[in-house]
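Reading the structure
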Amino acid sequence: MRKTLIGVFITLLMGCGHQPILLEERGSFLIDRSYSYSTKQDLKSVKFLVLHYTALDDLDSLRVLTSGQVSAHYVISSRPKYEHNEPIVFQLSSEKEKTWHAGRSEWQGYQSLNNDSIGVEIVNCGFRTFIKRDVIETEWCEYHPSQIDALIRLAKNIIGRYNIEAVNVVGHSDIAPLRKKDPGPVFPWKVLYEHGIGAWPDPATVSKYLANRPPDAQVSVAVIQKVLANYGYSIPQTGYLDDDTRRTIKAFQMHFRPADFQGNPDAETEAIALALIEKYKLNLLSTNRYL
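Residues numbered from 1 in each chain as written. Predicted model: local features only at pLDDT ≥ 70, side-chain atom pairs only at ≥ 80, totals over all residues. Heavy atoms only, no water.

**Overview of the layout of surface pockets**
A volume near 320 Å³ is recorded for the largest pocket. Lining the largest pocket are 21 residues, with Val70, His101, Glu121, His172 and Lys180 positioned closest to its centre. Only strand E4 (48–53) and helix H1 (58–65) provide two or more residues apiece to the lining of the largest pocket. Ranked by the residues each element gives to the lining of the largest pocket, the list is headed by H1, at three residues. Residue composition of the lining of the largest pocket, grouped by class: eight nonpolar, nine polar and four charged. (1 Å grid on protein atoms, 1.4 Å probe; cavity = no way out; pocket = protein on both sides within 12 Å on 5 of 7 lines; lining within 4 Å. Points joined across faces, edges and corners; volume = space filled by probe spheres on them. Helix = DSSP H or I, 4+ residues; strand = E, 2+ residues; numbered from the N terminus. Nonpolar A, V, L, I, M, F, W, Y, C, P; charged D, E, K, R; others polar.)

Okay, structure coming up:
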C-alpha cells in the first residue's frame, strides 16, 4: 500500500486547540499520530482484531489510553474529522507493539489476546441507566455514522494486510464475556459484515437448524455450551445454566441477535451458532444431537 505524508493544518480536531500536524495517508483514511503511547513490548502476531467502546468522551479517551494503564492501537473519535473526504483516525501505538486493551481474555483457545491482536477503541458512552416507573432501564449509546465509516475503512485495511479471518474480528465482550459488554448490542456488526468485515450467519442456514421450532424454545444447555465453545468462546462445559454460561450466551446474542440478549439458551441462539460453524467450516464438537 502506498503511503505518503501530506501536510494538513488542523486547529480544532477534538473541539479544542490542537497543534498543526502531519497526517499519514492510508489509502481511504488518514492517520493522526499526535497522541502516542509506547508499551515497549512486541506483539507475537496479529491474528485478531478487537473492537471496543471507550465509555468516555473524546479527550478523556485519549488521556486514559495514553496514560499507561490501558492502551490501544487506534482510536476513532466521536465525530471523526474529514480531509478530502477521508476520515481521520488516531493511531496511538505501532502495530508492532502489544497494547493493553484486551486484559484477561480468550478466543479459540488463545489466551491474553493482547499478545496477538490489534485493538481499536471507538469513543462512545456505552450505556446509561435510568429509572422509569420504578424500573431500572438501560439505554445504549448509538454510534455515529461517521464513526462506522472510519471503522470500516480502518478495519478493511488491517484485515487485508494481516489476512485476519472473519471469525477473528471480535468485540471485547466476545473475548471477555464475564467482564465486558463493549461494543454493545447497538454496534452494527451486520453492517460491517456487509462491507466484508467479520462474520455473520446466513438466514437460510439459521432456518435449517431452527427446523420449525419456536425461536424461544428452550434447548439443551450442554449443546449450547459446546457449539459456542466451538465457535470461539470460553464457556463452561457443565451442562448447567450457571452465571458464567448465561453471561457468555448473552455476549453471543449481543453480537449476533441483539434484539434479545437475555442469555437464555434458546433454539434461535443454537441455530445461529450452528449456522456460523457451518459457514466458516469450523469443526463441530461432538454432541448427541447433531453428530
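Past the structure itself, the notes keep going.
**A word on the pairing of strand E7 (residues 86–91)**
By the criterion of burial, E7 is predominantly enclosed, with six of the six residues buried. Residues Glu86, Ile88 and Phe90 point to one face of E7 and Pro87, Val89 and Gln91 to the other, with burial holding for every one of them. When strand E5 (residues 74–76) meets E7, the two strands line up antiparallel, connected through two bridges. Its bridge partner being in E7, Tyr74 is matched across the sheet by Gln91. With two bridges joining them, strand E6 (residues 82–83) and E7 adopt antiparallel strand pairing. Residue pairing in the sheet places Tyr82 in a bridge with Pro87 of E7. Hairpin connection from E6 to E7: two residues lie between these consecutive antiparallel strands, with His84 at a positive phi of about 55°. (Buried < 20%, exposed > 50% of the residue type's maximum accessible area, 1.4 Å probe, protein only. Pairing = 2+ DSSP bridges.)

**What to know about the state of the cysteines**
Evaluation of the coordinates by the stated rule reveals one disulfide. Shown here is the disulfide that connects Cys125 with Cys141, its sulfur atoms set 1.5 Å apart. Judged by the torsion about the S-S bond (-55°), the Cys125/Cys141 disulfide is left-handed. Here Cys125 is found in the loop between strand E10 (117–122) and strand E11 (127–132), whereas its partner Cys141 is found in the loop between strand E12 (135–140) and helix H2 (145–162), with 16 residues between them in sequence. (Disulfide = S-S within 2.5 Å.)

**Comments concerning the packing of aromatic side chains**
The tally for this structure, following the rule as stated, stands at 13 aromatic pairs. Judged by centre distance (4.8 Å) and plane angle (70°), the rings of Phe187 and Trp189 are edge-to-face. Its relative accessible area of 4% is what places Trp189 among the buried residues. Geometrically, the ring pair formed by Tyr231 and Phe256 is edge-to-face, given 5.8 Å between the ring centres and 85° between the ring planes. Note that Tyr231 is positioned in helix H6 (residues 221–231) and Phe256 in helix H7 (residues 243–256), a separation of 25 residues in sequence. For the pair Tyr231 and Phe256, a shared accessibility class is recorded, and that class is buried. One aromatic cluster is present, built from ring pairs that chain together Trp107, Trp200, Tyr231, Tyr233, Phe252 and Phe256. (Phe/Tyr/Trp six-rings, centres within 6.5 Å; stacked < 30°, edge-to-face > 60°.)

**Section: the pattern of salt bridges**
Taken as a whole and judged by the stated rule, the model has 14 salt bridges. For Arg161, the salt bridge goes to Glu95, with nearest N and O atoms at 2.8 Å. With Arg161 in helix H2 and Glu95 in the loop between E7 and strand E8 (106–107), this pair connects stretches of sequence that are 66 residues apart. Ionic pairing is found between Arg128 and Glu139, a salt bridge with its closest N-O pair at 3.7 Å. With a gap of eleven residues between them, Arg128 in strand E11 and Glu139 in strand E12 connect regions that are remote in the sequence. Residue classification places Glu139 among the partly exposed positions, given a relative accessible area of 41%. Salt bridges sharing common partners tie together Arg257, Asp260, Asp266 and Glu268. (Salt bridge = Lys/Arg side-chain N within 4 Å of Asp/Glu carboxyl O.)

**Let's talk about the environment of Pro87**
Relative to the assigned elements, Pro87 resides in strand E7. Judged by relative accessible area, Pro87 falls into the buried class, the value being 0%. Sequence spacing of Pro87 and Gln147 is 60 residues, and the spatial spacing of their C-alpha atoms is 8.7 Å. Here Pro87 is in contact with Ser28, Phe29, Leu30, Pro80, Lys81, Tyr82, Asp149, Ala150 and Arg153, once residues within four sequence places are set aside. (Contact = heavy atoms within 4.5 Å.)

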